[in-house]
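Now for the letters of each chain:
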Amino acid sequence: MLFRGGLMTRTLTQSELESFPSLEWSDLALRVSPHSRTALEQVMETLDGGMLTREQYSLLANADGDDLLGLLVAADALRRELAGNIVTYVVNRNINFTNVCFVGCKFCAFSRGPREADTYFLSLEQVAQKATEAWNIGATEVCIQGGLPHGLPPFHYRDILRAVKQAVPGMHIHAFSPMEIVYGVELTGMPLEDYLLMLRDNGLDTLPGTAAEILDDDVRFVLSRNKLSTEQWKQVIRTAHACGIRSTSTLMYGHVESPEHWVNQLLLFREIQQQTGGFTEFVPLGFVHQNTLLFHQGIARSGPTLAEHLKIHALARVFLAGAINNIQVSWVKLNRNLSQLCLHAGANDYGGTLMEENISREAGATAGQYTSPQDFQALILEAGRIPAERNTVYTRINLKLPTEPLTAEQLLEPEFA
Ligand code: SF4
């Protein structure tokens, strides 16, 4: 039992947390503390997460007990209003073209030094071949990222784009983290904007908003002192958006960060979105600790708790309401049940099929390397929602209607009413 602001709060048990989808806001409203209730009701009424005060954001980010249940249920209600009952996914393939990297992030178990035994470097032809295979089985996107090896040919990222577009002109290329963009700028000596425009003109469609982790330089110094700075990350993203290259936004949680870092980062994404409109979605990425230095050196906690997994998805839905509409569940970091629970805590997208997920698996995740479209459809239907395949930027959504008749509740949803 904890005392916060004169009120008693308690840590929820696992079964209390897991049963939150059966609750309605009307069941909980009177149990939620007055300040949290006011904040949540303000956002539910206005559908605008931007109208809360800094104190209200902090209060919600630290919610526990009934306040946390209230946050989860309110986020689900907001999701219903803002994104309907459809859960989307994209048929894509991950291509991690090399695992050689000099950056040395302490949370990364994927990278290898150049002299380690199990290094690899895919040729341009191999990357193009993987994209072709993916296209032939229905993928609409390839997600290309890799380690940063010393001595990479200066125009290698451009050449990857050319190779893929030449092999499969219709494939959407979602590629290169802001860290890779900074490296490409360094390798070529080109100004950032010119470099991004060159990539765009050679086939770069969208950018993964990865390498964000926690956008706070003190935390970044602990996680990876060689990584790009917060300022550089923001500069790459803002410039990409200005060049017409949209991106995702991400946050890695469950290591050394605090709820205040979540608040700062979500508000930063709100601000950037209002300026550029360039974010397609927000993706919370749970820290997978098992095989990482960060955990083994005793620096980080052992990944997120169940409460943290649910809370970050719910906070994102509430804080980003009216700014970023798509909140993604990163299934590779979560098990089947947990990913479905996150769909009830504000999320409306399941991410990609991936086909060849390597990075989380090497860190110790056990969710697998591939979720087929059929698996996604089954998971989404089991969660009581409607599956739909989307493209990367959510402009094409194809419903995958169940063979079973829709329930009365589903038929009342806006997209079927
Ligand atoms: S996270 Fe990326 S940049 Fe960092 S060590 Fe791993 S591969 Fe290299």
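Residues numbered from 1 in each chain as written. Predicted model: local features only at pLDDT ≥ 70, side-chain atom pairs only at ≥ 80, totals over all residues. Heavy atoms only, no water.

Trainee: What exactly am I supposed to notice about the packing of aromatic side chains here?
Mentor: The geometry of an aromatic ring pair comes down to the distance between the two centres and the angle between the two planes. Applying the stated criterion across every chain, the model contains twelve aromatic pairs. Taken together, a centroid distance of 5.9 Å and an interplanar angle of 50 degrees make the contact between Phe269 and Phe282 tilted. One end of the pair, Phe269, is in helix H12 (residues 259-276); the other, Phe282, is in strand E9 (residues 279-286), with 13 residues separating them in the sequence. The same class applies to Phe269 and to Phe282, which are both buried. The side chain of Arg390 reaches across the aromatic face of Tyr394, ending 4.0 Å from its centre. (Phe/Tyr/Trp six-rings, centres within 6.5 Å; stacked < 30°, edge-to-face > 60°. Helix = DSSP H or I, 4+ residues; strand = E, 2+ residues; numbered from the N terminus. Buried < 20%, exposed > 50% of the residue type's maximum accessible area, 1.4 Å probe, protein only. Lys NZ or Arg CZ within 6 Å of the ring centre and 35° of its normal.)

Trainee: I tried to follow the pattern of salt bridges on my own but got confused; where do I start?
Mentor: Side-chain pairs of opposite charge can arise whenever the charged atoms involved come near each other. Tallied over the full model, the rule gives 20 salt bridges. Where Arg301 meets Glu257, a salt bridge forms, and the shortest distance between an N and an O atom there is 3.3 Å. Placement of Arg301 in the loop between helix H13 (293-296) and helix H14 (306-319) and of Glu257 in the loop between strand E8 (246-253) and H12 is noted, with a sequence separation of 44 residues between them. Accessibility expressed as a relative area gives 5% for Glu257, which makes it buried. Here the salt bridges share partners, and the residues they tie into one network are Asp76, Arg79 and Arg80. (Salt bridge = Lys/Arg side-chain N within 4 Å of Asp/Glu carboxyl O.)

Trainee: What exactly am I supposed to notice about the nonpolar core here?
Mentor: It is characteristic of soluble globular proteins that their nonpolar side chains tend to be buried jointly. By size, the foremost hydrophobic cluster in this structure holds 118 residues, and its most contacted members are Ile144, Phe176 and Tyr350. It is helix H5 (residues 65-83) that provides the largest number of residues to this core, a total of eight residues. Excluding residues that lie within four positions of it along the chain, Ile144 makes contacts with Ile95, Phe97, Val127, Ile160, Val164, Ile173, His174, Ala175 and Phe176. (Core = buried A, V, L, I, M, F, W, Y, C linked by side-chain atoms within 4.5 Å. Contact = heavy atoms within 4.5 Å.)

Trainee: Looking at this model, I keep getting lost on the pairing of strand E11 (residues 386-390). Mind explaining?
Mentor: Note on strand geometry: in a regular strand, side chains alternate between the two faces of the sheet. For E11, the tally of buried residues reaches five of five residues, placing the bulk of the element in the interior. Of the two faces of E11, the one holding Ile386, Ala388 and Arg390 and the one holding Pro387 and Glu389 are both buried throughout. Across four bridges, the pairing between strand E3 (residues 86-90) and E11 is parallel. When the sheet's bridge partners are listed, Thr88 is paired in E11 with Ala388. The pairing of E11 with strand E12 (residues 397-399) spans three bridges and is classified as antiparallel. Directly across from Arg390, in E12, lies its bridge partner Ile397. Hairpin connection from E11 to E12: six residues lie between these consecutive antiparallel strands, with Tyr394 at a positive phi of about 60 degrees. (Pairing = 2+ DSSP bridges.)

Trainee: Which parts of the structure should I look at to understand H12?
Mentor: Every α-helical turn comprises 3.6 residues, leaving residues that sit three or four positions apart pointing alike. An ideal rise of 1.5 Å per residue puts 26 Å on 18 residues; H12 measures up with 26 Å between its terminal C-alpha atoms. Looking at H12, one finds that the buried residues are His261, Trp262, Val263, Gln265, Leu266, Leu268, Phe269, Arg270, Ile272 and Gln273. Close packing links the buried residues of H12 with helix H4 (54-61), helix H10 (217-223), helix H11 (230-242), E8, E9 and H14. Phi turns positive, to about 65 degrees, at Gly277, one or two residues after H12. (Expected span 1.5 Å × (residues − 1).)

Trainee: Is there a simple way to explain the sheet that holds strand E10 (residues 349-352) in this structure?
Mentor: Two modes of strand pairing occur in sheets, parallel and antiparallel, and in both the strands are linked by backbone hydrogen bonds. Pairing within the open sheet is mixed, and its four strands lie in the order E10-E3-E11-E12. Edge strands, defined here as strands with exactly one partner in the open sheet, are E10 and E12. Sheet twist, expressed as the average angle between the axes of neighbouring strands with direction ignored, equals 25 degrees. Running at roughly 130 degrees to E10, helix H15 (residues 336-343) makes contact with E3 and E10 of the sheet. (Axes fitted to C-alpha atoms, helices over the stretch in contact; angles between N-to-C directions.)

Trainee: Hey, could you run me through a nonpolar patch on the surface in this one?
Mentor: The grouping of Ile397, Leu399 and Leu401 at the surface amounts to a nonpolar patch, some 260 Å² of accessible area in total. Its place among the elements puts Leu399 in strand E12. (Patch = residues over 30% accessible without salt bridge, like charges linked within 9 Å, V, L, I, M, F, W, Y side chains within 5 Å. Areas by Shrake-Rupley, 256 points an atom, 1.4 Å probe, with all protein chains shown as cover.)

Trainee: Can you help me understand the environment of Gly65 in this one?
Mentor: Summarising the element assignment, Gly65 is placed in helix H5. Placed 48 residues apart in sequence, Gly65 and Leu17 show a C-alpha to C-alpha distance of 9.3 Å. Each residue touching Gly65, except ones within four places of it in the same chain, is listed here: Arg10 and Leu12.

Trainee: I would appreciate a short explanation of the side chain of Asn94 in the present structure.
Mentor: Structurally, Asn94 can be placed in strand E4 (residues 92-96). According to the relative accessible area criterion, Asn94 is buried, its value standing at 9%. Excluding anything up to four places from it in sequence, Asn94 contacts Cys143, Leu354, Glu356 and Glu357.

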